[in-house]
Amino acid sequence: MFIVILDYTAPLEEIDRHLEAHNAWLEENYAAGHFLASGRQDPRTGGVVLARAADRGALGRVLALDPFGIAEVATHTVIDWRPSRASAEAQWLLQP
């Protein structure tokens with residue numbers, strides 16, 4: 001499992017010009033089973049995606065198609081995350 005941190009590198013007006021394409025990309029990756037959750041940071045300086053992929057390279061290929069990255073208005077930081085504890089309602093996180 002991976003945590004992807006998106007950091008905006010452009011003004012919000014520029015981010016908003018690419019938001020529709022970015023949201024379509026998110027939907028494609030939810031449908032493909034790559035993404036589990038996503039949302040904006042607060043304050044609005046970027047976003048966070050909880051992702052699953054076979055490995056970092058596979059995730060990198062998915063992230064390379066993000067319209068925010070293509071337009072160079074955001075960067076992606078990938079954290080390889082292996083949860084070892086979870087509450088009763090989040091036990092699904094512990095599955096391989």
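Residues numbered from 1 in each chain as written. Predicted model: local features only at pLDDT ≥ 70, side-chain atom pairs only at ≥ 80, totals over all residues. Heavy atoms only, no water.

Student: Looking at this structure, I do not really get the pairing of strand β1 (residues 2–8). What am I missing?
Tutor: For a regular strand, side-chain orientation follows a simple rule: the groups alternate between the two sheet faces. Along β1, the buried face is formed by F2, V4, L6 and Y8; none of I3, I5 and D7, which line the opposite face, is buried. As paired strands, β1 and strand β3 (residues 46–51) are joined by 6 bridges and run antiparallel to one another. Across the sheet, the residue bridging to I3 is L50, located in β3. Alignment of β1 against strand β4 (residues 74–80), held across 7 bridges, turns out to be antiparallel. Its bridge partner lying in β4, Y8 is registered against A74. (Buried < 20%, exposed > 50% of the residue type's maximum accessible area, 1.4 Å probe, protein only. Helix = DSSP H or I, 4+ residues; strand = E, 2+ residues; numbered from the N terminus. Pairing = 2+ DSSP bridges.)

Student: Honestly, the pattern of salt bridges in this entry has me stumped. Any pointers?
Tutor: Think of it this way: side chains of opposite charge can pair up when their charged atoms draw near. According to the stated counting rule, one finds 3 salt bridges in the structure shown. As a salt-bridge pair, R44 and D16 come within 2.5 Å of each other at their nearest N and O atoms. Here R44 is found in the loop between β2 (35–40) and β3, whereas its partner D16 is found in helix α1 (residues 12–17), with 28 residues between them in sequence. Assessed through its relative accessible area of 39%, D16 is described here as partly exposed. Between D80 and R82 there is a salt bridge, with its nearest N and O atoms 3.2 Å apart. The class of D80 is partly exposed, set by a relative accessible area of 41%. (Salt bridge = Lys/Arg side-chain N within 4 Å of Asp/Glu carboxyl O.)

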